[in-house]
Amino acid sequence: MIWKLVTKTHFLFFYLASLIFLLYSFARFSHGVDIIRQGQLIRDGDALISGNEIFELGFFSPGNSTFRFVGIWYKVDVKAVVWVANRDKPISGRGGVLTIGADGNLVVLDVHNSLVWSSNVSGLLNNTAAILQNTGNFVLSRNESVGDTSRAHWQSFNHPTDTLLPEMRVPVAVNSAIRDYRAFRAWKSVSDPSPGNYTMDTVALGGPQIVISDQTRRRWRSVQWNSLIFTGDNLDNFLYGFKLSAPDENRTQYFTYVPSNLSDLLRFRIGWDGREEQLRWDDREKNWRVLQTHPDPTYNCELYNHCGNYATCDNLNSQRCNCLEGFRPKFPDQWSRGNWSGGSERKMELQCQRTYNAAGQNSKPDGFKGVKGMKLPDFSSLFPAGNLDACRRSCLENCLCSAYAFVSGIGCMVWTGDLVDMQHFEQSRNLQFFYRLPHSELEVDSGIKVSNLVIIIISLVGPFILVASLWLLWRYKKKLKVSSMPCCKDDDVVVFDVSKSKSKGFLADLSGPSDIRIDGNEVNGPELPIFNFGCVAAATNNFCEANRLGQGVLVQSTRESFLRSRNSCKEAFRQVWTGR
C-alpha cells in the first residue's frame, strides 16, 4: 500500500515537472528567445525572435501555398520574408523541426525525421549554438563565441536568397565561383520561394557595378562605383549608404549598406519578375513603400543594351535610339520599324585596321571623339595609367582598344570590344568617355562643328545687327528730315504781302480770307508777313514743346486779352459783313 502511494507520488511529480518544462520551453520560444543550442528543437509554431524584436525565425507558408518552409521575416509583416533555408525542398504538413544535429550543423527535419536541409559545414564539434542577431543574420558558432561573426562557422548573410539587408557584406565578384555562390536569386513565384530565373549580384569589371541577369543573359546593370558613389548615378537611393571595403588577402572587396537613419526598416529585393526594389517600412500606413525600382518599367532605356551596340538610348528624346557619330544602323529596315536590337556599325574602317589589312598603306592616324552625359559602356578593363593623357596614349597604341575614360576613384578604363549598353544620363554631365574614329570622320565632324558654329553665331548676332540697323536708319531719316527743312534766318524768311499779291489761288491756301468788304468796297487786310510751314517747323524744331511761346504769367495774361480782343473784332466784322 505504501509502495503504491510512493509510486503514485513519483508519477505525479514527473508529470508536473514535464508540464512545467513544456510550458517553460513554450514561453522561451514565444517571448524573445534568440538562441538555439544543441538538443533544443524549434517546432512548427515556435519561433526565434531577435533581441531588438525586429526579426523572427520559424516556419511559414508563402502566398496560397500549403508547403512549409523555415525562414526569417520582419516581425511587423510576416509576408516580408528575407531568407529561406529549405527553399528548394519544402515540407508537407506541420511536423517539421529545426535543431542542431549531432555533427554540430543546423538541420531541418520533416515529420519522418528525414533531413530536409543542413548548414553543411564540415569538421564541426558538437558544442555549437545559433543566434538570430538584431541585423537579421542567423549565425552558427561555438557556444563560447556565440554571436561573434568573425568566428562564425556559418551565417545566413553569406548564403542569401533574394534580399539584401543593411550591414550585410556582399563580395564583389572577381570570378564566377564567388558570383554563383553569393548571388541573390529571385523566387520562382509569389507562392514558390524555390530559385527562379533572375539573379542580382555585383561584378568588378572595370569598376564594381550591380547586375541583374536572366539566367546567363543580362537584364539590367547599374553604373560603375568610383569608391564614393555610383558614377553619374541613376540610382537616387543608392547614392548614400553603400561602402566598399579594401581588398582582403584574396583580393576580394565587400559592399555593405548602412541607412542614414538606423531606425528605418529597409531591404533590397530581387523580385520574381526580375525587378530590383528598395523598400522601406511605413509605420503610419503599415505597409512597405517602394523607394526605387530597376529596371524601371516606365523607362525602356534601362533594359540592358536596348538600342544595341554602338548606339545610345534616351527616354527624353523623340528618337529613342541613336547611333554614335561615325556609325549607322546595321539593319536600316528594322531600325526604321523601331527594332533597334541589331545596333549600329562603323561607316568607315579604322586606320589601324586598314594598316593590318593592307600593309604599307599610308593614311592619317585614328583619333577619339569625346561624349558627355553618358552611362559608360559595359565590359571595361582597368589599365595602369596615371592621368587622362597616358590613358589616351595606351588606347591609341592598341588597335583593339575601341574607347577609354579616366574616372576619378576608378582610374583608366579601356574597352577592347563592342561598346554596349549606353544610355543618356542628365546627371552625369561631367562624366566623359572617348571612342575611336577614323581621322576622316573626325574631319567631317570638325567641318560640321565649324558650320554649326557659324550658323549659331549668325542666328544670335543677326537679329541684333538688324535691329541696330533699323534704329540707325530711323535716326538718320529723322535728322535728314529736320536738316532738309529751309533755314529760317532773317534774310531767308519768305514774306508775302497780301495787299500786293494778286494770286487768289495762293491766298486760298492761307488761313482766313485774303480781303474783306466794307460798305461794298474792297478793303485790303493788314499788311502781315506770312511764313511758309517749313520755316515755322524749322524755327520751332518740329514744334518742340520747349520752344513754345507764351508760357509766362504776364504773357499768358496778355495772350488771353488778345484772344478776347480778337473775338470782339471777329464779331464786329461779322456784323459789318452781314450789314447789320
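Keep in mind that what you see is a predicted model, and the values were worked out from it rather than measured.

Quick question: what am I supposed to make of the overall build of the protein chain here?
Looking only at helices and strands, the protein chain has 9 helices and 35 strands in total. Taking as baseline every contact in the protein chain between residues at least 6 positions apart, the subset at least 24 positions apart corresponds to 49%. As displayed, the protein chain has an accessible area near 34,000 Å², and 56% of this comes from carbon and sulfur atoms.

Would you take a moment to explain the state of the cysteines for this structure?
Covalently bonding the sulfur atom of one cysteine to the sulfur atom of another cysteine gives a disulfide. Tallied over the full model, the rule gives 5 disulfides. Across the disulfide from C307 sits C321; the S-S distance is 1.9 Å. What sets the handedness of the C307 and C321 disulfide is the S-S torsion sign, and at about -75 degrees it is left-handed. Placement of the pair is C307 in the loop between strand 23 (287–294) and strand 24 (311–313) and C321 in strand 25 (residues 321–323), with a sequence separation of 14 residues. In terms of burial, C307 and C321 fall into one category: buried. In this model C391 forms its disulfide with C412; the gap between the sulfur atoms is 2.0 Å.

Help me understand the layout of surface pockets in this model?
The gaps left among the atoms become clear once a water-sized probe is rolled over them. As a volume, the second largest pocket reaches approximately 480 Å³. Lining the second largest pocket are 21 residues; nearest its centre among them are K79, A80, V81, W187 and V190. Residue assignment for the lining of the second largest pocket shows that the elements contributing at least two residues are strand 4 (55–60) and strand 21 (266–270). At 3 residues, strand 21 tops the list of elements feeding residues into the lining of the second largest pocket. Of the residues contributing to the lining of the second largest pocket, the split by class is 13 nonpolar, 3 polar and 5 charged.

Would you mind going over the sheet that holds strand 24 with me for this structure?
The strands that make up a sheet are held in pairs by hydrogen bonds between backbone atoms, and each pair lies either parallel or antiparallel. The sheet built from 3 strands is open, its strands ordered 25-24-32 with mixed pairing. Looking at strand neighbours, the two that pair on one side only are strand 25 and strand 32 (422–423), the edges of this open sheet. Two strands pair when backbone bridges link them, and strand 24 and strand 32 are joined in this way by 2 bridges, in the parallel orientation. For C313, the partnering residue across the bridge sits in strand 32 and is Q423.

I keep staring at empty space enclosed by the protein and nothing clicks. Help me out?
With the rule as written, the count across this model stands at 4 cavities of 30 Å³ or more. Of the volumes computed, that of the largest cavity is approximately 120 Å³. The leading source of residues in the lining of the largest cavity is strand 16 (residues 192–203), at 3 residues. Split into classes, the residues belonging to the lining of the largest cavity amount to 9 nonpolar, 1 polar and 1 charged. In this model, the second largest cavity occupies a volume close to 40 Å³. V82, W83, G136, S156, F157, P160, T161, T163, L165 and M168 together form the lining of the second largest cavity. Considering only residue class, the lining of the second largest cavity consists of 6 nonpolar, 4 polar and no charged.

Which parts of the structure should I look at to understand the pattern of salt bridges?
Note that side chains of opposite charge can pair when their charged atoms are close. Counted by the stated rule, this structure contains 13 salt bridges. For the salt bridge of E325 with K369, the shortest nitrogen-to-oxygen distance reads 3.7 Å. In this pair, E325 sits in the loop between strand 25 and strand 26 (327–329) while K369 sits in strand 28 (residues 367–372), placing the two residues 44 residues apart along the sequence. Take E325: its relative accessible area is 43%, and that puts it in the partly exposed class. One salt-bridge network, in which partners are shared between bridges, spans R218, R221, K375, D378 and D421.

So what exactly am I meant to see when it comes to helix 5 (residues 388–396) here?
Along an α-helix, residues three or four positions apart point the same way, because every turn accommodates 3.6 residues. Regarding helix 5, the residues found buried are A390, C391, S394 and C395. Buried residues of helix 5 fall within an arc of 135 degrees about the axis and therefore sit on the same side.

When you look at the environment of W415 in this model, what are you seeing that I'm missing?
By the element assignment, W415 lies in strand 31 (residues 411–415). With residues near it in sequence (within four places) discarded, W415 still touches L376, P377, D378, F379, S380, L400, C401, S402, A403, Y404 and A405. Here P377 takes part through its backbone oxygen, which lies 3.1 Å from a polar atom of the side chain of W415.

Would you explain unusual backbone geometry in this entry?
Negative phi values dominate among residues other than glycine, just as trans dominates among peptide bonds. Between H294 and P295 the backbone carries a cis peptide bond, its omega angle lying at -5 degrees. Secondary-structure assignment places P295 in the loop between strand 23 and strand 24. Even without being a glycine, N120 presents a positive backbone phi close to 55 degrees. The exposure class assigned to N120 is exposed, which follows from its relative accessible area of 67%.

Scoring rules and cut-offs
The numbers attached to residues start from 1 for each chain and follow its sequence in the written order. A pLDDT threshold of at least 70 governs which residues receive local features in this predicted model, and a stricter bar of 80 or more applies before side-chain atom pairs are shown or counted, although totals over entire chains, interfaces and linings include all residues. Excluded from the side-chain calculations are hydrogens and water; all other atoms, namely the structure's heavy atoms, are used. Helix numbering and strand numbering both begin at the N terminus, where a helix is a DSSP run of H or I of at least 4 residues and a strand a DSSP run of E of at least 2. By definition in these notes, contact holds between two residues if any of their heavy atoms fall within 4.5 Å. With residues, only the protein chains shown are counted as cover, and all accessible areas are computed by Shrake-Rupley using a 1.4 Å probe. Cysteine sulfur atoms that pair up within 2.5 Å are treated as a disulfide. Using a 1.4 Å probe on the protein chains alone, a residue whose accessible area is under 20% of its type maximum counts as buried, one over 50% counts as exposed, and one in between counts as partly exposed. Think of a 1 Å grid over just the protein atoms. A cavity is a set of points where a 1.4 Å probe fits yet cannot get out, a pocket is an open set with protein on both sides within 12 Å along at least five of seven lines, and lining residues have an atom within 4 Å of a point. Grid points are joined across faces, edges and corners, and a volume is the space filled by probe spheres set on the points. Gly falls in the polar group here, along with every residue not listed as nonpolar (Ala, Val, Leu, Ile, Met, Phe, Trp, Tyr, Cys, Pro) or charged (Asp, Glu, Lys, Arg). By this definition, two strands are paired if DSSP reports at least two bridges between them. Every case where a carboxyl oxygen of Asp or Glu lies within 4 Å of a side-chain nitrogen of Lys or Arg is listed as a salt bridge. In this description, one arc is meant: the one made by directions from the helix axis to the C-beta atoms. Any pair of N or O atoms that falls within 3.5 Å is considered a polar contact. Within protein, one atom must be able to donate a hydrogen and the other to accept it, and sequence-neighbouring residues count only if both atoms are side-chain atoms.

Limitation: the analysis is restricted to geometry and does not speak to function.
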